[in-house]
2 protein chains.
Amino acid sequence: MKAIFDRAQIDAMERRMRANLINCLAGYKSANLIGTVDSAGHTNLALMSSVFHVGANPPLMGLLLRPHTVPRHSLENIIEQGCFTLNAVDRLLYRQAHQTTARYPRELSEFDAVGLTPVFSEKLTAPYVAQSPIQIGLTLVDRQTMAVNDTVLVIGEIIEIRLAEHLLAADGQVDLHEAGLVCVSGLDEYHVAESLGRQAYPKP
Amino acid sequence: MKAIFDRAQIDAMERRMRANLINCLAGYKSANLIGTVDSAGHTNLALMSSVFHVGANPPLMGLLLRPHTVPRHSLENIIEQGCFTLNAVDRLLYRQAHQTTARYPRELSEFDAVGLTPVFSEKLTAPYVAQSPIQIGLTLVDRQTMAVNDTVLVIGEIIEIRLAEHLLAADGQVDLHEAGLVCVSGLDEYHVAESLGRQAYPKP
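Residues numbered from 1 in each chain as written. Chains lettered and ligands numbered in written order. Predicted model: local features only at pLDDT ≥ 70, side-chain atom pairs only at ≥ 80, totals over all residues. Heavy atoms only, no water.

Draft legend 1. Here's a closer look at the overall build of chain A. Across its full length, chain A holds five helices and 13 strands. The C-alpha radius of gyration of chain A comes to 18 Å, within 12% of the 17 Å expected for a compact globule of 204 residues. Counting only C-alpha atoms, chain A reaches 55 × 45 × 30 Å along its principal axes. The long-range fraction of contacts in chain A, counting pairs at least 24 apart against all pairs at least 6 apart in sequence, stands at 61%. Total accessible area on chain A is roughly 7,800 Å²; 51% of this is exposed by carbon and sulfur atoms. With 17 positive and 22 negative side-chain charges, chain A shows a separation of 7 Å between the mean positions of the two kinds. (Helix = DSSP H or I, 4+ residues; strand = E, 2+ residues; numbered from the N terminus. Rg over C-alpha atoms; globule rule 2.2 N^0.38 Å. Contact = heavy atoms within 4.5 Å. Areas by Shrake-Rupley, 256 points an atom, 1.4 Å probe, with all protein chains shown as cover. Lys, Arg positive; Asp, Glu negative; His and termini not counted. Charge placed at Lys NZ, Arg CZ, Asp CG, Glu CD.)

Here is the structure:
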C-alpha cells in the first residue's frame, strides 16, 4: 500500500515527524566531522551530514550549514581562518561524532568533550581528527547564503588528503567499507555498508 | 602507513585516478534518479549522486548538475517545466539506474532505454519511476551557477511524497534498509547498508 502526502499534508505534520521524514528522503548521507579553530586557538568539531562532491579538477567539496544552530561556531571559524578539515566518521567513531552535536559552551572544545584527538598539519590551521581514517584539508573558496531558507553553502578547495595507504587502490578508488565508514539516515540513524561491486562505464 | 597528498600531488595525478579519489572523499552518497519531461512530452531520466537535504520546513532538497555532461537535458527540462522528480534507487534498480548515464540520443527516453516505467501524478508534469520505493515530486525554487566550476545548484521544494506505507514509522523515520536503498562511492561502486540503530538526542 502506497502512502501519498501532498504539500498540505506535509505542512500539517507534527514538526518532529516532518523533520524525520524530510531528512530521510535524501537517502543515505555521508557522515563527516568538520574541524575548525578560532584565532585564539580554540578548536571546534561538528558533525555534518550534508557534505557533497563538487568537482575533481580543481578538487572541491561543498557543505550546507544552518547558521542558527550549533555549527555557527564552525562557520565563524571557517570565515575567520579561511580553512577547515573534513574527517570521515567510521563505526568506531560514530557515537562520539553524534555527541559533538550537543550544545556545548564555546569555551569547551568538542574534541575534549567527546574524547577525540586534534592533530595538525603545516598546510592549514584547522585541526584534523586523529582517529578518522580519511582526513581532508580545505581552504574556503566560496560562501553563499541560500535565499530559500538562510542555510549557508560553503565550498572548499582540497589542499591535503591523508588516509591509510591500504584503503587506496591504484586507480584512485577508496575502499569505504574497509575504512569502516558509516552513513546516516534522517537525523540520528547510523549504518555500515557492504559493497555490491563496481559497474562498468555505461554505453548505449 | 598513512598516505598524504598535498595539492601539487593531487594536481599531478592521472585524470581518472584523481576523479576516482576525489569522488570517493565525500563518503557514501545517495543514489537517486531524476525524472523530467520536455514540452513535447519526451521523458528523461538521469542518475544523481549529489542530492542533499536543504531544509524540512519548508521541505527542500538540492542537487548539483554538471552542465557539460548528459544531465543537461535534465536541467533544460527542469527550467522549462519548473518541476522534477527524485526517485530513490534500490538494490533491484541500481544496474538500470547506472545505465541511464550512458550517452543516449535525446529522442530516446532513458525509461525505454533501460526498461523502467514512467508514472505520472496530477501534481506535476515530470514522471516518477514506478519501480522506485521512494518517489518525491518537486518544483524548482532556486538555481545558481557556481562560480568555482560552473556546476549548477538546483533547489526544489517538495510538493508530493509517495512511498510504501510499511517503510514509514509513526515518528516520520523512513526505513531505508527495508526499502533496499543503495548508496554510491566514487563514480561506479554501489553498496547496501545495515543499520547500527538510532542515537539519542545528545546532551552535553
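Draft legend 2. View of the sheet that holds strand S13 (residues 189–198) of chain A. Read from one edge to the other, the open sheet built from six strands follows the order S2(A)-S12(A)-S13(A)-S13(B)-S12(B)-S2(B), with strand pairing classed as antiparallel. Two strands lie at the open edges of the sheet, namely strand S2 (29–30) of chain A together with strand S2 (29–30) of chain B, each paired on one side alone. (Pairing = 2+ DSSP bridges.)

Draft legend 3. Representation of helix H2 (residues 15–25) of chain B in the model. All names here are of chain B. Summarising burial for H2: nine of the 11 residues are buried, a large majority. If you check which residues of H2 are buried, you get Met17, Arg18, Ala19, Asn20, Leu21, Ile22, Asn23, Cys24 and Leu25. The N-cap residue of H2 is Glu14: its side-chain oxygen and the backbone nitrogen of Arg16 are 3.0 Å apart. In the stretch just after H2, Gly27 is the one whose phi turns positive, near 85°. (Buried < 20%, exposed > 50% of the residue type's maximum accessible area, 1.4 Å probe, protein only. Polar contact = N/O pair within 3.5 Å; in protein donor to acceptor, adjacent residues only side chain to side chain.)

Draft legend 4. Structural context of the pattern of salt bridges. What the rule picks out here adds up to 12 salt bridges over all chains. For Glu157(B), the salt bridge identified is with Arg7(A), shortest N-O distance 2.7 Å. Of this pair, Glu157(B) sits in strand S11 (residues 152–164) while Arg7(A) is found in helix H1 (residues 7–12), placing the two residues in two different chains. Each of the two residues, Glu157(B) as well as Arg7(A), counts as buried. Here Glu76(A) and Arg106(A) are joined by a salt bridge, their closest N and O atoms 2.5 Å apart. Placement of the pair is Glu76(A) in helix H3 (residues 72–81) and Arg106(A) in the loop between helix H4 (94–99) and helix H5 (110–114), with a sequence separation of 30 residues. Classification of Glu76(A) by relative accessible area gives partly exposed; the value is 38%. Judged by its relative accessible area of 32%, Arg106(A) is partly exposed. Ionic contacts of the salt-bridge type, sharing partners, join the residues Arg7(A), Asp11(A) and Glu157(B) into one network. (Salt bridge = Lys/Arg side-chain N within 4 Å of Asp/Glu carboxyl O.)

Draft legend 5. Molecular detail of the interface of chain A and chain B. Contact residues are listed per partner, giving 98 residues for chain A and 98 residues for chain B. Between chain A and chain B, a total of about 9,200 Å² is buried, with carbon and sulfur atoms accounting for 60% of that surface. If you sort the residues of chain A by the area they bury against chain B, Tyr28(A), Leu196(A) and Gln199(A) come out on top, with a joint share of 9%. Taken together, chain A and chain B are joined by six salt bridges. A per-class count over the side of chain A that touches chain B returns 51 nonpolar, 24 polar and 23 charged. Bridge analysis of S13(A) against strand S13 (residues 189–198) of chain B gives nine bridges, and the strand direction is antiparallel. Its bridge partner lying in S13(B), Val192(A) is registered against Glu194(B). (Buried area = accessible area lost by both parts, 1.4 Å probe. Nonpolar A, V, L, I, M, F, W, Y, C, P; charged D, E, K, R; others polar.)

The analysis is restricted to geometry; functional conclusions fall outside its scope.
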